Each structure stands twice: as C-alpha cells, then as structure tokens.
Amino acid sequence: MTSPVSPDVLADSGLQLAQDGTVLTITLDRPAVRNAQTPLMWRTLAEIGASIGDDVRVVVVRGVGQSFSAGLDRSMLDPTAGAPGTETVADLLRLDDAGLSATIEEYQRGFTFLRDPRFVSIAAVQGYAIGAGFQLALSCDLRILAEDAQLCMKESALGLVPDLTGTKPLVEAVGYARALEICATARMVDAREAAAIGLAQRVVPTTELDAAVADLAAALTAPMVGAVRETKALLQGAADRSLDEQRRLEREAQGRRFREVAALVGR
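Overview of the structure. Note that the coordinates shown come from a computational prediction; the quantities given were computed from them, not determined experimentally.

## Quick notes on the overall build of the protein
Helix and strand counts for the protein stand at ten helices and nine strands. Compactness check: the protein gives a C-alpha radius of gyration of 19 Å against a globular reference of 18 Å for 267 residues, within 12% of the reference. For the protein, the spread of C-alpha atoms along the principal axes amounts to about 65 × 45 × 45 Å. Looking at the protein as a whole, 43% of its 267 residues are labelled buried. At a minimum sequence separation of 6, the contacts of the protein that also span at least 24 residues come to 69%.

## Observations regarding the sheet that holds strand E6 (residues 142-146)
The strand order across the open sheet formed by six strands is E1-E2-E3-E4-E6-E9, and the pairing between neighbours is mixed. Edge positions in the open sheet fall to strand E1 (15-20) and strand E9 (202-204), since each of these has one partner strand only. Averaged over all neighbouring strand pairs, the angle between strand axes comes to 20 degrees, with direction disregarded. In terms of strand pairing, strand E4 (residues 120-125) meets E6 through four bridges, oriented parallel. Of the residues in E6, the one forming a bridge with valine 125 is leucine 145.

## Re the nonpolar core
The nonpolar side chains of a soluble globular protein tend to be buried, and buried together. Formed by 49 residues in total, the largest nonpolar core has its most connected members in Val59, Val125, Leu151, Leu170 and Leu199. For this core, the element with the highest residue contribution is helix H4 (residues 132-139), accounting for five residues. Setting aside residues up to four positions removed in sequence, leucine 151 forms contacts with Val125, Ala129, Phe134, Leu145, Arg187, Met188, Val189, Ala194 and Leu199. Ranked by size, the runner-up nonpolar core spans 15 residues in total, among them Ile122, Ala124, Leu142 and Leu209.

## Digging into the packing of aromatic side chains
Taken as a whole, this structure holds two aromatic pairs when the rule is applied. Between tryptophan 42 and phenylalanine 111, the ring centres sit 6.4 Å apart and the planes meet at 55 degrees, which makes this aromatic pair tilted. Of this pair, tryptophan 42 sits in helix H2 (residues 39-51) while phenylalanine 111 is found in helix H3 (residues 97-112), placing the two residues 69 residues apart along the sequence. Taken together, the ring pairs connect Trp42, Tyr107 and Phe111 into an aromatic cluster.

Conventions used here
Residues numbered from 1 in each chain as written. Predicted model: local features only at pLDDT ≥ 70, side-chain atom pairs only at ≥ 80, totals over all residues. Heavy atoms only, no water. Helix = DSSP H or I, 4+ residues; strand = E, 2+ residues; numbered from the N terminus. Rg over C-alpha atoms; globule rule 2.2 N^0.38 Å. Buried < 20%, exposed > 50% of the residue type's maximum accessible area, 1.4 Å probe, protein only. Contact = heavy atoms within 4.5 Å. Pairing = 2+ DSSP bridges. Axes fitted to C-alpha atoms, helices over the stretch in contact; angles between N-to-C directions. Core = buried A, V, L, I, M, F, W, Y, C linked by side-chain atoms within 4.5 Å. Phe/Tyr/Trp six-rings, centres within 6.5 Å; stacked < 30°, edge-to-face > 60°.

Here it is as structure tokens:
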C-alpha cells in the first residue's frame, strides 16, 4: 500500500501506519492523552481507509502505550483550544443542522471503512477504550482484549449520544436491552464481561496481546483471499435479509468461488 497521507499529516493526526505483507496496522499514537481522538484524526483515518488497496487482507487497529483510546480529546469541546485553524468538535455549533450532520458524516468515514469486505479488521484493545475509542473498537470485525481492558460508552455522561457508528455493532453484539443499559448508564465493561456478552472474541494477558493478534491475522490470511472476502460480505448483512435472499447470495458467491478455484486448479 502506498499511502496518500504524508508522514507529517500522520504525525499531526497522532497516527502511525505500517504494512507487513498483507497486514496493515494503524496505530493511535497520542500516549500523553491516552490516544484521545480529534477531528483531524478521524479525517486522516478516512483518508487511510480510502487508500487501502486489494493487497491488504487484515487491518489491525491498536494504540500506543497502556490504552487503546480514552475517546474524544476533551479539549476538542473548547472552541478556543489548540492552535489557530485547528478543527474542534465545538466548531459544530457554528453550523446549521445540515452542515452539522454533513460534518459528522465526514467524521464517521474514519470508522466505517473498517467494515470493508475486502479485508478483516481487528481491534487490539488494552486499557481504556472509552467513547470514541469504544466505537472505534466496535467498528472492527473482531476484538482481542487484554485482561486490563475497560470499555465504556461515555457519551451519555456528557449529555451526548454515540455518533461514530458504534450503536449498530453494539446492538448486534449484545442485543438491544444490554446495549441500552451500557450506553445510558455510561458504566465500565471489563474484559471478562466483554467476552461473556459477545463484545470480544478473546481475552488474553496484556503481555500476550501482540502475539494473539498476530496469530489471528495469520489464520485469517491463510485461506484463499476470495473465500474470506465473500464470507465476510455474506455474513455482514445476513441478519437483515430474508432466508430466501441469503440463500440466493450464498449460491451466487459459491458459483464465483467454484469458478475461481477450478481456474487455479486447471493452471
């Protein structure tokens, strides 16, 4: 992958980007503020997502230091914060309803690209994943948690709602009632509970997080690339489709798979 995002923009956004074979790793790199997020980070994540090519099969999202992400950088709620020209969340108040909605939609693109069926996304979570951090983890297909992970949808405690695409995957993972309770109370969910209610695929000791994520990435890249991509696409919308529609899509996908496998065997 050749990123259109310059090293300077990555640094200003608090991000690192590295690719090893077919595995792309996006690292939140603002350890002094527990990898708190900003509008610039969201916009840069969207740029990274738009640049991902077909050579990438797994995207890993992680944070530097002891936390995945403490959520929104609180200074972004202060219109006087930061250097002149720095975009803050407080700037939304200057917009009309249409402009506010359009700007949030642009922020959301920094999260939605992780659902792309061309690759499988993994959140490697240790320490805090709060608010926007929790939603970034929820945007990934799979979540591996360290034993010290603490998840929280903090927005209600600030008088806000989760708006960075986290509500749908949360309901899909734990059901409506539990999702409502987690969001409305803004309580912490520890790693053990997260695994028990379906928010995490695996919980490991903190020292084993890197190895566990590497093992999962290796397992995901072992099958033929087309098989994994077709499977992800089938599963993503399955809950919203009728059985007949899902059966049709399965047949069509399998037809493509048979033809590709046969062509490879025949070479």
